[in-house]
Amino acid sequence: MKKLILTICISVLVAAPALADINGNGYYRVRNFGSQRWCSLIDNTGSVDKYSSSADLHSLELIADTEFILTDPGSIIYLTNIKGSEYDVAAQGVSLSSLVDNSIKIMAEGTVNGQKLYRIYGTYKGAAAYIGDGNTFLNENLGSAVIYEDVGLTASNQKYVQWEFLPVDVTSSDNFFGTLPEVEAAGESFTTLYTSFNYEPYSEGVKAFYISSVASGMVEMTEITGPVPAGAPVIIQCAGDNAADNKMQIVGSASSLPSNKLTGVYFNYHGVNRQNYVEYDPQTMRVLGVCEDGSLGFITSSTLEYIPANTAYLKVAAGSPAEYKCLDPETFTAGVDKIEIPTGILSYDGRKVTGAPGAHLSVVDLSGKTVAIGTGTVSLAHLPKGIYIARSQGESIKIVR
């Protein structure tokens, strides 16, 4: 018995390129021939019993909505040939080989209307079993993968164990990868994005940014001049309201982003026996939104319950400001410099901060987290090197240790 799979779920995805060998190793989407529903990986767990031909395939959702699939990173897999008909598959930050040691077999099913079709199968209890669409059309848009035993296949359900495998192509009209805007601020539209593959903006006007620094009430939004690396949570400036307006080209390599302050989420799965999600905490999380002055920022949400799949958020300390305005590097630096307001109330001698006798005094780091507190005088000798802001009686000074 093998537990924790992606084995069957991702095994479905492995079939196509193995025989078609259209582009060799690369990125693909997979569609069931019978239902015309696309595969999407919505969780990274499951189970398969090799001896009873049963499997938990909840991780693999089948979706008919092509417009949604075009913007779904979970529908994109990377295929790597290991040897012969054996392949490894990666999707949503997980690879098949990292979870289980299990091989799958594939076979060609011929061609229909110019499209090659394939089956994926294994041997259970001495008989062949195939992965297919469950063909439960209680919801025509959503379906689930199931195992068909060879003895149970009929002329009417055979098409549900046949699969089409299509390389992702930025020039395609129906199998590219794009995104949609979620926030409009200052006349522009934005979203956050978190994927397991490298990509770069393809459509004119689309830009990618990351958060390089955080200060009290503001973040430094730095444009990415090259490809966005896999596993990097970023902000995307969109060029239009449709996926085709905001195409991304998947690329082979990308440099890492220094000091990216965003955190990404791959899954938001809520099942009967399994949950895989990040619950939103308004005390320690800020999400992309519109600040009170109408500018783009990371704000406190009053309605969000869970972080959506393949998006990003900003981690903050409890008690941090309710919103963090997104600023370009020059404006951010100027904003940090303006924190220092020399009034004579506060002073720093290299070891301690001194305010008015008996007055409350606090010190925070650039994220807004309180690191020292006291009355009249507070020692900073225990703090690491860095930039801090001391506050007392409504005034502030910047401290560089």
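On a predicted model such as this, the values are computed, not experimentally measured, just so you know.

## Description of the pattern of salt bridges
By the definition in use, this model includes seven salt bridges. Across the salt bridge formed by Arg31 and Glu164, the nearest N and O atoms sit 2.8 Å from each other. In this pair, Arg31 sits in strand β2 (residues 26–32) while Glu164 sits in strand β14 (residues 163–167), placing the two residues 133 residues apart along the sequence. Glu164 sits in the buried class, given a relative accessible area of 4%. The shortest N-O distance in the salt bridge between Asp43 and Arg274 comes to 3.6 Å. With Asp43 in the loop between β3 (38–41) and β4 (47–49) and Arg274 in the loop between β24 (269–270) and β25 (275–276), this pair connects stretches of sequence that are 231 residues apart. The class for Asp43 is buried, based on a relative accessible area of 0%. What emerges from the salt-bridge pattern is a single network uniting Asp349, Arg351 and Lys352.

## Remarks on the sheet that holds strand β36 (residues 395–400)
The strands making up a sheet associate through hydrogen bonds between their backbones, and the pairing can be parallel or antiparallel. Spatial ordering of the open sheet is given by β33-β32-β35-β36, a layout of four strands whose pairing is antiparallel. Every other strand in the sheet has two partners, leaving β33 (370–375) and β36 as the edge strands with one partner each. The sheet shows a mean angle of 20° between the axes of neighbouring strands, direction not considered. Here strand β32 (residues 360–365) pairs with strand β35 (residues 387–392) via four bridges, running antiparallel. Bridging across to β35, Val364 finds its partner in Ile389.

## Some details on unusual backbone geometry
For Ala186, which is not glycine, the phi torsion reads 50° and is therefore positive. Of note, Ala186 is situated in the loop between β16 (183–185) and β17 (188–193). Since its relative accessible area comes to 69%, Ala186 is described here as exposed. The phi torsion at Asn310 lies on the positive side, around 60°, for a residue other than glycine. On the secondary structure map, Asn310 appears in the loop between β27 (296–299) and β28 (311–315). A relative accessible area of 5% means that Asn310 is categorised as buried.

Rules and cut-offs
- Residues numbered from 1 in each chain as written.
- Predicted model: local features only at pLDDT ≥ 70, side-chain atom pairs only at ≥ 80, totals over all residues.
- Heavy atoms only, no water.
- Salt bridge = Lys/Arg side-chain N within 4 Å of Asp/Glu carboxyl O.
- Helix = DSSP H or I, 4+ residues; strand = E, 2+ residues; numbered from the N terminus.
- Buried < 20%, exposed > 50% of the residue type's maximum accessible area, 1.4 Å probe, protein only.
- Pairing = 2+ DSSP bridges.
- Axes fitted to C-alpha atoms, helices over the stretch in contact; angles between N-to-C directions.

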